[in-house]
Amino acid sequence: MRDYRDAKAMAKALREALATRNTEISHSEALEIVARQFGADTWNILSAKIEAKPNPAGIEFEQAVPIVRIFDVPKAQEFYLGFLGFTTDWEHRYGDNFPLYTQVSRDGLRLHLSEHAGDATPGGNMVVYMKGIRAFQKELITKDYRYMKPGLEDEGTRLEVTVTDPFQNRIRFMEHKD
């Protein structure tokens, strides 16, 4: 199966297929179409990805998933699911009447919430970079959460919305200004 590294061959095949139907496009037009099919805005962006050197050691990091200490499941659900709009991906307990360990997520951000004493310290602080922070802040305000009405702070090079959960864990949502 072809991937983005085969983009030039795919563009050539596209031009040849269209030519058999008496439709002519330039090579650069074909490259732009193929780039968009791979989710790149332009051929130059896809081309840079193609020419990027792969990591010879094979090391690749994925998203970090912070563990957040919680003490009260209904309060955590009210905050993370109700207020912030996360959904529960899965829950784990070792048995009845055992602490909860769960994953919640929203639009690519995953957090682990844990009642286990040794997993994290309450009062943690994390930074989450995002896009669409103005809409997010407006969404939070319209929910009329009784314990918090977060503002949108202009910090010069970035915009910030800070929330604190019922267990004193702070999340600083940030968007870089262009």
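So, how was this worked out
Residues numbered from 1 in each chain as written. Predicted model: local features only at pLDDT ≥ 70, side-chain atom pairs only at ≥ 80, totals over all residues. Heavy atoms only, no water. Helix = DSSP H or I, 4+ residues; strand = E, 2+ residues; numbered from the N terminus. Rg over C-alpha atoms; globule rule 2.2 N^0.38 Å. Buried < 20%, exposed > 50% of the residue type's maximum accessible area, 1.4 Å probe, protein only. Contact = heavy atoms within 4.5 Å. Areas by Shrake-Rupley, 256 points an atom, 1.4 Å probe, with all protein chains shown as cover. Lys, Arg positive; Asp, Glu negative; His and termini not counted. Charge placed at Lys NZ, Arg CZ, Asp CG, Glu CD. Pairing = 2+ DSSP bridges. Axes fitted to C-alpha atoms, helices over the stretch in contact; angles between N-to-C directions. 1 Å grid on protein atoms, 1.4 Å probe; cavity = no way out; pocket = protein on both sides within 12 Å on 5 of 7 lines; lining within 4 Å. Points joined across faces, edges and corners; volume = space filled by probe spheres on them. Nonpolar A, V, L, I, M, F, W, Y, C, P; charged D, E, K, R; others polar. Phe/Tyr/Trp six-rings, centres within 6.5 Å; stacked < 30°, edge-to-face > 60°.

1. Side note on the overall build of the protein chain
Piece 1. Scanning the protein chain from N- to C-terminus turns up five helices and eight strands.
Piece 2. When the helices and strands of the protein chain are read in sequence order from the N terminus, they spell out α-α-α-β-α-β-β-β-β-α-β-β-β.
Piece 3. Its C-alpha radius of gyration of 23 Å places the protein chain more than 25% over the 16 Å reference for a compact globule of 178 residues.
Piece 4. Along the first, second and third principal axes, the C-alpha set of the protein chain runs to 70 × 40 × 30 Å.
Piece 5. Counting over 178 residues, the protein chain shows a buried share of 30%.
Piece 6. Contacts in the protein chain between residues at least 24 apart in sequence constitute 48% of all its contacts with a sequence separation of at least 6.
Piece 7. Surface exposure of the protein chain reaches about 11,700 Å², of which carbon and sulfur atoms provide 50%.
Piece 8. When the 24 basic and 27 acidic side-chain charges of the protein chain are each reduced to a single mean position, those positions are 3 Å apart.

2. Side note on the environment of Val 68
Piece 1. Tracing the backbone shows Val 68 in strand β1 (residues 67-69).
Piece 2. The exposure class assigned to Val 68 is buried, which follows from its relative accessible area of 2%.
Piece 3. Residues Val 68 and Leu 113 lie 45 residues apart in sequence; the distance between their C-alpha atoms is 4.9 Å.

3. Things to note about the sheet that holds strand β8 (residues 170-176)
Pairing between the strands of a sheet comes from backbone hydrogen bonds, and it takes one of two forms, parallel or antiparallel.
Piece 1. What the four strands build is an open sheet, ordered β5-β8-β7-β6; its pairing is mixed. Two strands close off the open sheet at either side, each with one partner strand: β5 (125-129) and β6 (153-154).
Piece 2. Sitting on the sheet, helix α5 (residues 133-142) touches β7 (158-164) and β8, and the angle it makes with β7 is about 30°.

4. Looking at empty space enclosed by the protein
Piece 1. A full pass over the atoms with the stated rule returns one cavity of 30 Å³ or more.
Piece 2. Here the largest cavity is characterised by a volume of approximately 70 Å³.
Piece 3. Around the largest cavity sit Ile 70, Val 73, Ala 76, Gln 77, Tyr 80, Leu 81, Thr 88, Glu 91, Leu 100, Thr 102, Val 104 and Leu 113, which together line it.
Piece 4. The set of elements that each furnish at least two residues to the lining of the largest cavity consists of α4 (73-83), β2 (87-92) and β3 (101-106).
Piece 5. When residues of the lining of the largest cavity are assigned to their parent elements, the largest contribution, five residues, is made by α4.
Piece 6. Of the residues that constitute the lining of the largest cavity, the class distribution is eight nonpolar, three polar and one charged.

5. So, the packing of aromatic side chains
Piece 1. A full pass over the atoms with the stated rule returns nine aromatic pairs.
Piece 2. Judged by centre distance (6.0 Å) and plane angle (20°), the ring pair of Trp 90 and Tyr 101 falls under stacked. Of this pair, Trp 90 sits in strand β2 while Tyr 101 is found in strand β3, placing the two residues 11 residues apart along the sequence.
Piece 3. A relative accessible area of 35% places Trp 90 in the partly exposed class.
Piece 4. Both rings, one in Tyr 145 and one in Tyr 147, keep their centres 5.4 Å apart while their planes meet at 70°; by these two values the pair is edge-to-face.
Piece 5. Take Tyr 145: its relative accessible area is 7%, and that puts it in the buried class.

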